[in-house]
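The primary structure of each chain is shown beneath.
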Amino acid sequence: MVMLTCTKCGQKKPEAEPNPKLYSKIIEHSPKQFVAIIGKEEQELTTLPTIRADCPKCGNNLANVWQVQTRGSDESSTQFLRCTQCNYTYREST
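Residues numbered from 1 in each chain as written. Predicted model: local features only at pLDDT ≥ 70, side-chain atom pairs only at ≥ 80, totals over all residues. Heavy atoms only, no water.

**Concerning the overall build of the chain**
- Scanning the chain for helices and strands turns up 1 helix and 6 strands.
- In the chain, the order of α-helices and β-strands from amino to carboxyl end is β-β-α-β-β-β-β.
- By residue count, 16% of the 94 residues in the chain fall in the buried class.
- Restricting the contact set of the chain to residue pairs at least 6 apart, pairs at least 24 apart contribute 21%.
- Of the accessible surface of the chain, which amounts to about 8400 Å², a share of 51% is contributed by carbon and sulfur atoms. (Helix = DSSP H or I, 4+ residues; strand = E, 2+ residues; numbered from the N terminus. Buried < 20%, exposed > 50% of the residue type's maximum accessible area, 1.4 Å probe, protein only. Contact = heavy atoms within 4.5 Å. Areas by Shrake-Rupley, 256 points an atom, 1.4 Å probe, with all protein chains shown as cover.)

**A short note on the nonpolar core**
- Counting 5 residues, the largest nonpolar core is built from A53, A63, V65, L81 and Y90.
- Once residues within four sequence positions are removed from consideration, A63 is found in contact with P49, T50, I51, A53, L81, R82, C83, T84 and Y90. (Core = buried A, V, L, I, M, F, W, Y, C linked by side-chain atoms within 4.5 Å.)

**Re the pairing of strand β4 (residues 62-68)**
- Strand direction decides the pairing type here: strand β3 (residues 50-52) and β4, joined by 3 bridges, are antiparallel. Bridged to I51 within β4 is A63.
- When β4 meets strand β5 (residues 78-83), the two strands line up antiparallel, connected through 6 bridges. Following the sheet pairing, W66 is matched in β5 by F80. (Pairing = 2+ DSSP bridges.)

**Details of the sheet that holds strand β6 (residues 89-91)**
- In spatial order, the strands read β3-β4-β5-β6; together these 4 strands make up an open sheet with antiparallel pairing. The open sheet terminates on both sides in strands that have one partner only, identified here as β3 and β6. Between one strand axis and the next, the sheet turns through 40 degrees on average, direction left out of account. (Axes fitted to C-alpha atoms, helices over the stretch in contact; angles between N-to-C directions.)

**Remarks on unusual backbone geometry**
- In this model, N87 sits at a positive phi of 65 degrees, which is unusual for a non-glycine residue.
- Tracing the chain through its elements places N87 in the loop between β5 and β6.

**Some details on the side chain of R82**
- When you line up the elements, R82 lands in strand β5.
- Within polar-contact distance, the side chain of R82 engages the side chain of T89 at 2.8 Å. (Polar contact = N/O pair within 3.5 Å; in protein donor to acceptor, adjacent residues only side chain to side chain.)

**Some remarks on the side chain of Q79**
- Along the chain, Q79 turns up in strand β5.
- In this structure Q79 comes out as buried when scored by relative accessible area, which is 17%.
- Discounting chain neighbours no more than four positions away, the residues touching Q79 are I51, V65, W66, Q67, Y90, R91 and E92.

In structure tokens, the structure reads:
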């Protein structure tokens, strides 16, 4: 038997016919809510770690690096690199 309880006064009342819609709520998120955009101001910040990696565009050997979970949680994350000289952004090829 399902009991309805008032959250303010604590009064309890049995429910004659249980309605599953009252007990569950489905929340759907759009993929845009999980996308982080790095703007021009944020690009100027040097808070990202720097590693030695050859830029395919200009040949510079330093890049900022970060990882993003682009696929399912059971798959590995994708590593992105941004050249410190020309700001070209690319994925690490494995």
